[in-house]
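# Chain and residue survey
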Amino acid sequence: MRIMGLDFGSKTIGVAISDELLLTAQGIEIIRRKEENKLRKSLARIEELIVEYGVGEIVLGLPKNMNNTEGERVRLTEEFQDRLERRTGLPVRLWDERLTTVAADRFMMEAGIRREDRQEHVDRIAAVFILQGYLDYRKNKENGQQNG
């Protein structure tokens, strides 16, 4: 079983997939749509990827504000979570994504990716940061239970 990480934006969804050992996250694609409310094709593509990669759980970035308040994007993300759960039958966990886009941008700067090219990759890399954070949390939680 693998875990899928999603960075849900107004026009894009960054997608990352874990390895089978649930240790590392790899970015695989960015799903683009023309209008924010048009999710049918995006959901169909996510379902295809679930089957292709043998996904058993989804982690969805939760875009809280820096002061921990919840705005309109949180409401839209929770609606998307509900649609994903109903459509796929998989558990969809929300994961605090604050600073993931900043971290992704910094990562690309350090990798020497030109500013003009960064927007092309930022959502996929943000999905990797979301998923990797969740994988690390799970691993640390398991290790704490084994050692405690």
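Our structure's up above, just so we're on the same page.
Everything in this summary refers to the structure shown in the same document. The residue numbering used here restarts from 1 in each chain and proceeds along that chain's sequence as written. Since the coordinates come from a predicted model, pLDDT governs what is reported: local features require at least 70, and pairs of side-chain atoms require 80 or more to be given and counted, while whole-chain, interface and lining totals use all residues. Hydrogens and water molecules were not included; the side-chain quantities draw on all heavy atoms of the structure.

### A word on the pattern of salt bridges
Condition: Salt bridges are counted wherever a side-chain nitrogen of Lys or Arg sits within 4 Å of a carboxyl oxygen of Asp or Glu. Secondary structure follows DSSP: runs of H or I at least 4 residues long count as helices, runs of E at least 2 residues long count as strands, and numbering of each begins at the N terminus. Working definition: with a 1.4 Å probe on protein chains only, accessible area under 20% of the residue-type maximum means buried, over 50% means exposed, and in between means partly exposed.
Within this structure, the stated rule accounts for nine salt bridges. Here Arg86 and Asp82 are joined by a salt bridge, their closest N and O atoms 3.1 Å apart. One end of the pair is Arg86 and the other is Asp82, both in helix H2 (residues 72-88) and four residues apart, which spans about a single turn. In this structure Asp82 comes out as partly exposed when scored by relative accessible area, which is 37%. Salt bridges linked by common partners bring Glu29, Arg45 and Glu48 together as one network.

### Brief notes about the pairing of strand E3 (residues 25-32)
Short version of the rule: At least two bridges found by DSSP between two strands is the condition for calling them paired.
The sheet contact formed by strand E2 (residues 12-18) and E3 spans seven bridges and is antiparallel. By the bridge assignment for E3, Val15 is matched with Glu29. Between E2 and the antiparallel strand that follows it, E3, lie six residues; Leu22 among them carries a positive phi value of about 60 degrees.

### Some details on the environment of Lys34
Structurally, Lys34 can be placed in the loop between E3 and helix H1 (40-53). Separated by 22 residues in the primary sequence, Lys34 and Thr12 have C-alpha atoms spaced 8.9 Å apart.

### Brief notes about a positive patch on the surface
Our working definition: To count toward a patch, a residue needs a relative accessible area above 30% and no salt bridge. Like charges then connect within 9 Å, nonpolar side chains (Val, Leu, Ile, Met, Phe, Trp, Tyr) within 5 Å. Working definition of accessibility: Shrake-Rupley area with a 1.4 Å probe, residue cover restricted to the visible protein chains. Positive charges are assigned to Lys and Arg, negative charges to Asp and Glu, while His and the chain termini are left out of the count. Each charge is placed at NZ for Lys, CZ for Arg, CG for Asp and CD for Glu.
On the surface, Lys34, Lys38, Arg40 and Lys41 cluster together into a patch of positive charge. Mapped onto the elements, Lys41 comes out in helix H1.

### Thoughts on the layout of surface pockets
Where empty space is left becomes clear once a probe the size of a water molecule has been rolled over the atoms. Convention followed: Cavities and pockets were defined on a 1 Å grid built over protein atoms only: a cavity is a set of grid points that admits a 1.4 Å probe from which the probe cannot escape, a pocket is an open set flanked by protein on both sides within 12 Å along at least five of seven lines, and lining residues are those with an atom within 4 Å of any such point. Grid points are joined across faces, edges and corners, and a volume is the space filled by probe spheres set on the points.
Of the voids in this model, the second largest pocket is the one considered here, and its volume is about 170 Å³. In terms of residues, the lining of the second largest pocket owes the most to one element, H1, which gives three residues.

### Focus on the environment of Ile130
Mapped onto the elements, Ile130 comes out in helix H5 (residues 122-147). The exposure class assigned to Ile130 is buried, which follows from its relative accessible area of 0%. Residues Ile130 and Met4, spaced 126 residues apart in sequence, show a C-alpha to C-alpha distance of 9.9 Å.

### Re unusual backbone geometry
Phi angles above zero are rare outside glycine, and Leu22 is one such case at about 60 degrees. Mapped onto the fold, Leu22 is located in the loop between E2 and E3. According to the relative accessible area criterion, Leu22 is buried, its value standing at 16%.

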